[in-house]
Amino acid sequence: MNMYDDVSTIRKPDSLRSYVESYLREAITSGRFKPGERIVEREICEMLEVSRPPVREALRKLEAEKLITTLPRRGPVVASISSKEASDLYAIRALMESYAVAEFARLATDSDIEQLGEAVKALHDNAKSGDRKGLLAAKAQFYDVILNNCGNDLVREMLLGLLTRINLLRSASFSSPDRLPKSLAEIDEMYSLIKARDAARAGEIARLHVSNAEKAAMVVLEQQVAADSSQ
């Protein structure tokens, strides 16, 4: 399968730019488009059956999100992330997510917690089926429930602003063969503590969850750097 396959799975939204943007963002964060891979405007236009203006607008938006970078004489390519950038991102994520989880445990309604349980179930279902794309979507759903009901709009806004890059790193951490079972176990423990309204402990497990994800992602990133340097 080449980098432009599977376009039929993307539903066309109202805006052509949003359509192109959604396709490219999903392809990058799911790992189908690899770091350093060139994005050819003409091929995107032909494959999605759109003109160049919406493609260029989408590329500019994704460049602002640091998912794409434009290189001299090469044009737009999928951005790479350094170990330092990843470490910085995980540090911010750990602070904000531990706070958000603790506040969710304290403030969430029974209905909110039930929705969170549905997201946890979706995570397990997609893990059993081996659906990596579905797994990332379920993880996003899990955090959407927490961030929409943690009572802090600023934390929600900041984390949502980092969501695409977090998904990129999450995809890398899931590449570690031992990480997924441990990740699910941590989420199960977090969910149990939330149901018990143990805000402090739930926040601690959220921080541990991010720390362990960082360790797994760093191993994958270092392997990618080593592979690139050997070519």
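Computed from a predicted structure; not experimentally measured.

A look at the overall build of the protein
Then, in step 1: Of the regular secondary structure elements, the protein holds ten helices and two strands.
Then, in step 2: Taking the contacts inside the protein whose residues are at least 6 apart along the sequence as the reference set, 72% of them involve residues at least 24 apart.
Then, in step 3: Of the roughly 11,800 Å² of accessible surface on the protein, a fraction of 51% belongs to carbon and sulfur atoms.

Quick word on the packing of helix α4 (residues 83–107) against helix α7 (residues 153–161)
Then, in step 1: Put simply, α4 and α7 touch, their axes get as near as 10 Å, and they point 135° apart. One element, α4, and the other, α7, form an angle in the oblique class. The handedness of the crossing between α4 and α7 comes out as left-handed. Across the interface between the two elements, Met96, Glu97, Tyr99 and Ala100 of α4 pack against Val155, Met158 and Leu159 of α7.
Then, in step 2: Taken together, the residues of the contact of α4 with α7 sort by class into six nonpolar, no polar and one charged.

Quick word on the packing of aromatic side chains
Then, in step 1: According to the stated counting rule, one finds two aromatic pairs in the structure shown.
Then, in step 2: Measuring from ring centre to ring centre gives 6.2 Å for tyrosine 23 and phenylalanine 33, while their planes differ by 80°; the resulting arrangement is edge-to-face. Of this pair, tyrosine 23 sits in helix α1 (residues 16–29) while phenylalanine 33 sits in the loop between α1 and α2 (41–48), and the two are ten residues apart along the sequence.
Then, in step 3: A relative accessible area of 1% places phenylalanine 33 in the buried class.

Section: unusual backbone geometry
Then, in step 1: Within the chain, glutamate 49 stands out as a residue other than glycine whose phi angle is a positive 60°.
Then, in step 2: Although it is not a glycine, arginine 73 sits at a positive phi angle of roughly 70°.
Then, in step 3: Structurally, the position occupied by arginine 73 is in the loop between β1 (68–71) and β2 (75–78).

Thoughts on the pairing of β2
Then, in step 1: Two elements, β1 and β2, share four bridges in a ladder whose sense is antiparallel. Within β2, the position partnered with leucine 71 by the bridge is glycine 75.
Then, in step 2: The hairpin turn running from β1 into β2, its antiparallel successor, is three residues long, and arginine 73 in that turn takes a positive phi close to 70°.

Side note on the nonpolar core
Then, in step 1: Among the nonpolar cores identified, the biggest contains 35 residues, and Phe104, Leu116, Phe142 and Ile194 are the most heavily contacted of them.
Then, in step 2: Where this core is concerned, the elements lending two or more residues are α4, α5 (110–129), α6 (132–148), α7, α9 (179–195) and α10 (199–230).
Then, in step 3: Not counting the four nearest positions on each side in its chain, isoleucine 194 is found in contact with Val101, Phe104, Ala105, Ile113, Leu116 and Ala202.
Then, in step 4: Membership of the second largest hydrophobic core comes to 19 residues, among which are Tyr19, Leu48, Ala58 and Ile68.

Side note on α1
Then, in step 1: The terminal C-alpha atoms of α1 lie 20 Å apart, and with 14 residues this matches the ideal 20 Å at 1.5 Å per residue to within 8%.
Then, in step 2: When you tally the buried positions in α1, you get ten out of 14 residues, the bulk of the element.
Then, in step 3: Among all positions of α1, only Tyr19, Val20, Glu21, Tyr23, Leu24, Arg25, Glu26, Ala27, Ile28 and Thr29 are buried.
Then, in step 4: Its side-chain oxygen at 3.2 Å from the backbone nitrogen of arginine 17, serine 15 defines the N-terminal cap of α1.

Comments concerning the confidence of the model for the protein
Then, in step 1: The pLDDT averaged across the protein works out to 86; a share of 85% of its residues lies at or above 70.
Then, in step 2: Helix α8 (residues 163–174) is the least confidently modelled element of the protein, averaging 65 in pLDDT, while α5 averages 96, the highest of any element.
Then, in step 3: Within the model, pLDDT remains below 50 along residues 7–13, and this stretch shows 13 contacts once partners closer than five positions in the same chain are excluded.

Overview of the pattern of salt bridges
Then, in step 1: In total, this model carries 17 salt bridges according to the counting rule given.
Then, in step 2: Here arginine 25 makes a salt bridge to glutamate 65, at a shortest N to O gap of 2.8 Å. Linking arginine 25 in helix α1 with glutamate 65 in the loop between α3 (52–64) and β1, this pair joins segments that are 40 residues apart in sequence. Glutamate 65 shares its class with arginine 25; the two are buried.

Rules behind the numbers
Residues numbered from 1 in each chain as written. Predicted model: local features only at pLDDT ≥ 70, side-chain atom pairs only at ≥ 80, totals over all residues. Heavy atoms only, no water. Helix = DSSP H or I, 4+ residues; strand = E, 2+ residues; numbered from the N terminus. Contact = heavy atoms within 4.5 Å. Areas by Shrake-Rupley, 256 points an atom, 1.4 Å probe, with all protein chains shown as cover. Axes fitted to C-alpha atoms, helices over the stretch in contact; angles between N-to-C directions. Parallel < 35°, antiparallel > 145°, perpendicular 65-115°, else oblique. Left-handed = near helix turned anticlockwise from the far one by under 90°. Nonpolar A, V, L, I, M, F, W, Y, C, P; charged D, E, K, R; others polar. Phe/Tyr/Trp six-rings, centres within 6.5 Å; stacked < 30°, edge-to-face > 60°. Buried < 20%, exposed > 50% of the residue type's maximum accessible area, 1.4 Å probe, protein only. Pairing = 2+ DSSP bridges. Core = buried A, V, L, I, M, F, W, Y, C linked by side-chain atoms within 4.5 Å. Expected span 1.5 Å × (residues − 1). Polar contact = N/O pair within 3.5 Å; in protein donor to acceptor, adjacent residues only side chain to side chain. pLDDT = per-residue confidence, 0-100. Salt bridge = Lys/Arg side-chain N within 4 Å of Asp/Glu carboxyl O.

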